[in-house]
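# Descriptive analysis of the structure
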Amino acid sequence: MRINWKSFIRVLREVGPIALVFAGVPPVLIPAIVHGIELAEQSVSPMTGPEKRAFVLDSVATAATAVNAVRPGTLVSGYPETVGKGIDTTVAVVNLIERQRAQGAQEGATTQ
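What this report covers is the structure whose coordinates are included nearby. (Residues numbered from 1 in each chain as written. Predicted model: local features only at pLDDT ≥ 70, side-chain atom pairs only at ≥ 80, totals over all residues. Heavy atoms only, no water.)

### Some remarks on the layout of surface pockets
Roughly 220 Å³ of internal volume is contained in the largest pocket. Surrounding the largest pocket, 14 residues form its lining, E41, G49, K52, V91 and N95 being those nearest its centre. Residue assignment for the lining of the largest pocket shows that the elements contributing at least two residues are α1 (5-22), α2 (30-41), α3 (49-70) and α4 (79-110). Across the lining of the largest pocket, the residue classes tally to 8 nonpolar, 2 polar and 4 charged. (1 Å grid on protein atoms, 1.4 Å probe; cavity = no way out; pocket = protein on both sides within 12 Å on 5 of 7 lines; lining within 4 Å. Points joined across faces, edges and corners; volume = space filled by probe spheres on them. Helix = DSSP H or I, 4+ residues; strand = E, 2+ residues; numbered from the N terminus. Nonpolar A, V, L, I, M, F, W, Y, C, P; charged D, E, K, R; others polar.)

### Regarding α1
Since the α-helix turns once every 3.6 residues, residues separated by three or four places project in the same direction. For α1, with 18 residues, the first-to-last C-alpha span of 24 Å sits near the 26 Å given by 1.5 Å per residue. Residue V15 marks the point of greatest curvature in α1, where the axis turns by about 40 degrees; the proline P17 follows within four residues. Along α1, the residues classified as buried are S7, F8, I9, V11, L12, G16, A19 and L20. After α1 finishes, the residue G24 shows a positive phi value of roughly 85 degrees. (Expected span 1.5 Å × (residues − 1). Bend = angle between axes of the 7 residues up to and from the residue. Buried < 20%, exposed > 50% of the residue type's maximum accessible area, 1.4 Å probe, protein only.)

### Side note on the nonpolar core
Ranked by internal contacts, the top residues of the largest apolar core, which has 21 residues, are L29, I33 and V83. Of all the secondary-structure elements, those providing two or more residues to this core are α1, α2, α3 and α4. L29 has contacts with V60, A63, A64, L75, Y79 and V83, leaving out every residue within four places of it along the chain. (Core = buried A, V, L, I, M, F, W, Y, C linked by side-chain atoms within 4.5 Å. Contact = heavy atoms within 4.5 Å.)

### Considering the pattern of salt bridges
According to the stated counting rule, one finds 5 salt bridges in the structure shown. The partner of R101 in a salt bridge is E98, and the shortest N-O contact between them spans 3.9 Å. Taken together, the residues span about one helical turn, with R101 and E98 both in helix α4 at a distance of 3 residues. Judged by relative accessible area, R101 falls into the partly exposed class, the value being 38%. (Salt bridge = Lys/Arg side-chain N within 4 Å of Asp/Glu carboxyl O.)

### Some thoughts on the side chain of E38
By the element assignment, E38 lies in helix α2. Residue class for E38 comes out buried when judged on its relative accessible area of 12%. Of the polar contacts made by the side chain of E38, one reaches the side chain of R13; its length is 2.6 Å. With residues near it in sequence (within four places) discarded, E38 still touches I9, L12 and R13. (Polar contact = N/O pair within 3.5 Å; in protein donor to acceptor, adjacent residues only side chain to side chain.)

Pasting the structure below:
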């Protein structure tokens, strides 16, 4: 299946924040996570899934440091595990939507 990156990013921006909230991610980190996933998925150099996840976690750690510098104590120490689960959940949901969309488009093309 060929990935339509414009569609992937659009779905990520729409569904990602909702999936992250349900995963229990601190709301202040949601924009950084969505942006990190977007950057990892559009990377010029190919990355494996675990490399993309590590890239996003690193980006979020930088954002968390900034948040805690501006507002000390905003994020507690256990957030990285929650963020990791949120990343996995978000990517899984977006991929599921994209697979269903591609399958529906493929079925529509064969019936015409």
